[in-house]
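For reference, the chains in residue letters:
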Amino acid sequence: MSPWGRCGRCHGHRSHRTTIGTRRDCPRCDGTGIRVRTGRRLLDHIRTEYRDGQQ
């Protein structure tokens, strides 16, 4: 499984419709259409805490 997934706000389309009907780049994914999955974010956090504890 990939550590990347579709953005929940724009559903991978890179933009979303605003309240007045115009399209803008998605602020959540910065217009990329992808995001880091929860499990990968958790693994990165654990890895960082482990490395900080080793010093």
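About the cut-offs
- Residues numbered from 1 in each chain as written.
- Predicted model: local features only at pLDDT ≥ 70, side-chain atom pairs only at ≥ 80, totals over all residues.
- Heavy atoms only, no water.
- Helix = DSSP H or I, 4+ residues; strand = E, 2+ residues; numbered from the N terminus.
- Rg over C-alpha atoms; globule rule 2.2 N^0.38 Å.
- Buried < 20%, exposed > 50% of the residue type's maximum accessible area, 1.4 Å probe, protein only.
- Contact = heavy atoms within 4.5 Å.
- Areas by Shrake-Rupley, 256 points an atom, 1.4 Å probe, with all protein chains shown as cover.
- Lys, Arg positive; Asp, Glu negative; His and termini not counted.
- Charge placed at Lys NZ, Arg CZ, Asp CG, Glu CD.
- Salt bridge = Lys/Arg side-chain N within 4 Å of Asp/Glu carboxyl O.

J.: Mind laying out the overall build of the protein chain, listing which residues take part and the relevant values?
T.: Each helix and strand in the protein chain was counted, giving one helix and four strands. The C-alpha radius of gyration computed for the protein chain amounts to 16 Å, which surpasses the reference 10 Å derived for 55 residues by more than 25%, pointing to a less compact arrangement than a globule. The buried share of the protein chain, taken over its 55 residues, is 16%. Sequence-distant contacts, at least 24 apart, represent 37% of the contacts inside the protein chain between residues at least 6 apart. Accessible surface, the protein chain: about 4900 Å² in total, of which carbon and sulfur atoms supply 49%. One way to put it: in the protein chain the 13 positive side-chain charges average out to a point 12 Å from where the 5 negative ones average out.

J.: So what's going on with the environment of T22? Residues and values would help.
T.: Summarising the element assignment, T22 is placed in the loop between β2 (15–17) and β3 (23–25). Along the backbone, T22 and R35 are 13 residues apart, and their C-alpha atoms lie at a distance of 23 Å. For T22, the residues in contact, after removing those within four places along its chain, are H16 and R17.

J.: Can you tell me about the pattern of salt bridges, naming the residues and giving the values?
T.: Evaluation of the coordinates by the stated rule reveals two salt bridges. Of the charged contacts in the structure, one is a salt bridge between R47 and D44, with a shortest N-O distance of 3.6 Å. Linking R47 with D44, this pair stays in helix α1 (residues 38–54), spanning three residues, or about one helical turn. What makes R47 partly exposed here is its relative accessible area of 37%. Using a relative accessible area of 29% as the deciding quantity, one classes D44 as partly exposed. Salt bridges sharing common partners tie together R40, D44 and R47.

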